[in-house]
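Chain residues, written in single-letter form:
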Amino acid sequence: MTKKMWGGRFAGAAAATVEQYTQSESFDRALYREDIAGSKAHATMLGQAGIISPDEAEELVRGLDAVLAEIEAGTFVWRRELEDVHMNIERRLTEIVGPVGGKLHTARSRNDQVALDFRLHVSARLDVWSGELARLVDVLCARAEEHVSTLLPGCTHLQPAQPVSLAQHLLAYAMMFRRDFERLQDGLKRVRVSPLGAAALAGTTHPISPAQVAEGVGFPATFANSMDAVSDRDFALEALFCGSVIMMHLSRLCEELILWANPNFGYVRLPDAYSTGSSIMPQKKNPDVCELMRGKTGRVYGALTSLLTLMKGLPLTYNRDMQEDKEPFFDADRTVSSSVAIMADMLAVLEFVPEAMRRALGKGFLNATELADYLAAKGLPFREAHHATGAAVALAENKGVALEDLGLDELRSFSPLVEQDVYAVLTFEAAVARRNLAGGTGPASVAGQLAELRAWLAGIR
Ligand code: ARG
């Protein structure tokens, strides 16, 4: 049985079951890079502040680099009985550099150490999420540009409502993912705060410089209150909330792609690389990637709910419960980063079927609003125009024809304001082309949205 690093006042060893139950090494070893970066910054600061000698600081940094090299080479021996990533690394450091290794933990506690490691990790991962989101927005822009004049039924209540361009539909998602990106950037301001120097909970008596450590790890800010610094996990909660919203947006897109791939819609053909077959029904091509992404959304919500629940009853400051903060984040991170990346890859090669979208426009009287607006523009109060159009729709429906198939006399029977020019107004192209006010589905508006998104993409690169 290895003597615990905190074992000074202990006579007996922990039960084997307890050792297994309380360890976090099996998952927090994923934080080794952050742990070593934090320790190097801390050691350097201790040397410059004269708390340890410059030679000792140098020795610690050299030793930490040696540990890092061992881990990356796969030769490092992880020891579960050492509890966690922090003590595994510190123990090996001490083996390499000798007793000076014991000085690394001066003016530091695992409480501020783990908070720093986790913040560094979340920060790096949110950068990755951001990069993938930007790529997704880029792909959506590229696909939208191809389909400014491809029209399809826009829906409300999943019922045909008004014609829109496929570009407008795709850019709606681009706007969501841009907001998701910006939400991450805003959250990152609160992630990138170094807690090192808070020590166990009350700060330290050593003349340290938390700002120097923050600078050493690339964080622009330091903690303002030591008790808050070791207790706060809202930075991770915000990350999980951002991840949940990203997944919710992806899931809605997945739901639409699943519908669109159904032969009753037929708006998209799934690339072979992103669909799977059935083991019993030879004709099947299933949208499993989209279904799984929709399903995995629940895991990310679960992670957010776990952490919220974990934190809700904890008194200040650090409590061991908080060790349970990492696995939900790691799991959510795997899900969010891979989902955004796969969606971008899939959309880049997805085949749209404009003819099927076109056919669908023929069902559902998608130009009824045009007739009502036409009458309203000629001075009829909109409510009356709406009523007259509704009656025209009922007639067309009874006859089994489209609105534009009704004769001029038939249309005039609902309002004498109708003239021959109505037929040009009732085309789907005209309906879309007229909606060029900012944000509308008209081609000029769509071009404006595209230009704006591309300028934004250029600006964040
Ligand atoms: N493994 C611990 C965690 O993840 C590190 C901090 C332990 N601190 C303590 N006071 N026992 O939270």
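This text follows the structure it describes.
Quick look at the structure, then. (Residues numbered from 1 in each chain as written. Predicted model: local features only at pLDDT ≥ 70, side-chain atom pairs only at ≥ 80, totals over all residues. Heavy atoms only, no water.)

**Some details on the overall build of the chain**
Filter applied, for reference: Each helix corresponds to a stretch of at least 4 residues labelled H or I by DSSP, and each strand to a stretch of at least 2 residues labelled E; elements are numbered beginning at the N terminus. Radius of gyration here uses only the C-alpha atoms, and the compact-globule reference equals 2.2 Å multiplied by the residue count raised to the power 0.38. Throughout, exposure labels follow a simple rule: accessible area from a 1.4 Å probe, protein chains only, divided by the maximum for the residue type, with under 20% read as buried, over 50% as exposed, and the rest as partly exposed. In this description, contact between two residues means that some pair of their heavy atoms is separated by no more than 4.5 Å. Note on areas: these come from Shrake-Rupley sampling with a 1.4 Å probe, and a residue is covered only by the protein chains present in the view. Only four residue types enter the tally: Lys and Arg on the positive side, Asp and Glu on the negative side; His and the chain ends are excluded. Charged side chains are reduced to one point each, which is NZ for Lys, CZ for Arg, CG for Asp and CD for Glu.
Looking only at helices and strands, the chain features 19 helices and six strands. Its C-alpha radius of gyration of 30 Å places the chain more than 25% over the 23 Å reference for a compact globule of 461 residues. Overall, the C-alpha framework of the chain stretches about 100 × 50 × 40 Å when taken along its three principal axes. For the chain, with 461 residues in total, the buried portion stands at 50%. The long-range fraction of contacts in the chain, counting pairs at least 24 apart against all pairs at least 6 apart in sequence, stands at 75%. For the chain, the exposed surface amounts to about 21300 Å²; the carbon and sulfur share of it is 56%. When the 47 basic and 58 acidic side-chain charges of the chain are each reduced to a single mean position, those positions are 2 Å apart.

**Details of the site of the ligand**
Formally: Proximity criterion: a residue is near a molecule or strand once any of its heavy atoms comes within 4 Å of it. Polar contacts, as counted here, are pairs of nitrogen or oxygen atoms within 3.5 Å of one another; within protein the pair requires one atom able to donate a hydrogen and one able to accept it, and residues that are adjacent in sequence qualify only if both atoms are side-chain atoms.
By nearness alone, every residue bordering the ligand is listed as Ser24, Asp28, Asp84, His86, Arg110, Asn111, Val114, Tyr318, Gln323 and Lys326. Contacts to the ligand include Ser24, whose side-chain N or O atom sits 3.1 Å from a nitrogen atom. Considering the ligand on its own, with 350 Å² of exposed area, one finds that the protein chains cover 86% of that surface. Looking at the shell around the ligand element by element, the count peaks at three residues for helix 6 (residues 110-146).

**Quick word on a nonpolar patch on the surface**
We count it as follows: Think of a patch as exposed residues, more than 30% relative accessible area, with no salt bridge, where like charges cluster within 9 Å and nonpolar side chains (Val, Leu, Ile, Met, Phe, Trp, Tyr) cluster within 5 Å. Definition used for salt bridges: Asp or Glu carboxyl oxygen within 4 Å of a side-chain nitrogen of Lys or Arg.
A contiguous nonpolar surface patch, about 270 Å² in accessible area, is contributed by Leu201, Met227 and Leu316. Relative to the helices and strands, Met227 is located in helix 9 (residues 226-231). For Met227, a relative accessible area of 36% puts it in the partly exposed group.

**Remarks on the nonpolar core**
Worth spelling out the cut-off: Each nonpolar core is a collection of buried residues, namely Ala, Val, Leu, Ile, Met, Phe, Trp, Tyr and Cys, held together in the definition by side-chain atoms within 4.5 Å.
Among the nonpolar cores identified, the biggest contains 76 residues, and Leu136, Phe177, Leu250, Leu257, Met343 and Leu347 are the most heavily contacted of them. Element by element, the count of residues in this core is highest for helix 10 (residues 234-261), at 14 residues. With sequence-adjacent residues up to four places away left out, Leu347 is seen in contact with Leu136, Val139, Leu140, Arg143, Leu253 and Leu257. Counting 30 residues, the second largest nonpolar core, distinct from the first, contains Leu60, Leu64, Leu104 and Leu120.

**What to know about the packing of aromatic side chains**
In this description, an aromatic ring pair is defined by two values, namely the gap between the centres and the angle between the planes. The condition that has to hold: When the centres of two rings from Phe, Tyr and Trp lie within 6.5 Å, Trp using its six-membered ring, the rings pair. Their planes under 30 degrees apart give stacked, over 60 give edge-to-face, and anything left gives tilted.
Counted according to the given criterion, the structure contains eight aromatic pairs. Their ring planes at 85 degrees and their centres at 5.4 Å tell us that Phe265 and Tyr267 sit as a pair that is edge-to-face. Given a relative accessible area of 5%, Tyr267 falls into the buried group. Counting every residue linked through ring pairs, the aromatic cluster contains Phe118, Trp129, Phe235 and Phe329.

**Digging into the environment of Leu46**
Positionally, Leu46 belongs in helix 3 (residues 32-48). Residue Leu46 is classed as buried on the basis of its relative accessible area, which comes to 0%. Here the alpha-carbon distance between Leu46 and Val213, two residues 167 residues apart in the chain, equals 9.4 Å. Among residues more than four places away in sequence, those in contact with Leu46 are Ile51, Ile52, Lys103, Leu104, Thr106, Ala107 and Ile208.

**Observations concerning helix 13 (residues 354-361)**
The following threshold applies: The arc in question is the one spanned by the directions pointing from the helix axis to the C-beta atoms.
Along helix 13, the residues classified as buried are Ala356, Met357, Ala360 and Leu361. The arc that holds every buried residue of helix 13, seen down its axis, measures 150 degrees, which confines them to one face. Looking at the buried side of helix 13, the elements it contacts are strand 1 (151-156), strand 2 (159-165), helix 7 (166-191), strand 6 (351-352) and helix 18 (428-433).

**Description of the pairing of strand 1**
Selection criterion: Between any two strands, pairing holds if DSSP finds at least two bridges.
In this sheet, strand 2 lies alongside strand 1 in antiparallel orientation, the contact comprising six bridges. Residue pairing in the sheet places Thr156 in a bridge with Gln159 of strand 2. Linking strand 1 to strand 2, which pair antiparallel, is a turn of two residues; within it His157 sits at a positive phi near 55 degrees.

**Focus on the packing of helix 3 against helix 6**
In plain terms, the rule: Geometry is summarised by axes, namely lines fitted to C-alpha atoms with helices restricted to the contacting stretch, and by angles between N-to-C directions that run from 0 to 180 degrees. For this classification, under 35 degrees means roughly parallel, over 145 means roughly antiparallel, 65 to 115 means roughly perpendicular, and everything else is oblique. Crossing handedness is defined as follows: a turn of the near helix away from the far one that is anticlockwise and smaller than a right angle gives a left-handed crossing, while the clockwise case is right-handed.
Two elements in contact, helix 3 and helix 6, have axes whose closest approach is 9 Å; the angle formed by their N-to-C orientations is 120 degrees. As far as their axial angle goes, helix 6 and helix 3 are oblique. For the element pair helix 3 and helix 6, the recorded crossing hand is right-handed. Listed contacts from helix 6 to Glu34, Asp35, Gly38 and Ser39 of helix 3 are Gln113, Leu116, Asp117, Leu120 and His121.

**What to know about unusual backbone geometry**
The omega torsion of the bond from Leu316 to Thr317 falls at 5 degrees, within 30 degrees of zero and hence cis. Of note in this structure, Ala107 is not a glycine but carries a positive phi near 65 degrees. Along the chain, the position of Ala107 falls in the loop between helix 5 (85-97) and helix 6. Even without being glycine, Ala199 reaches a positive phi, approximately 55 degrees. Relative to the elements of secondary structure, Ala199 occurs in the loop between strand 3 (193-194) and helix 8 (210-217). When its relative accessible area of 8% is taken as the criterion, Ala199 is described as buried.

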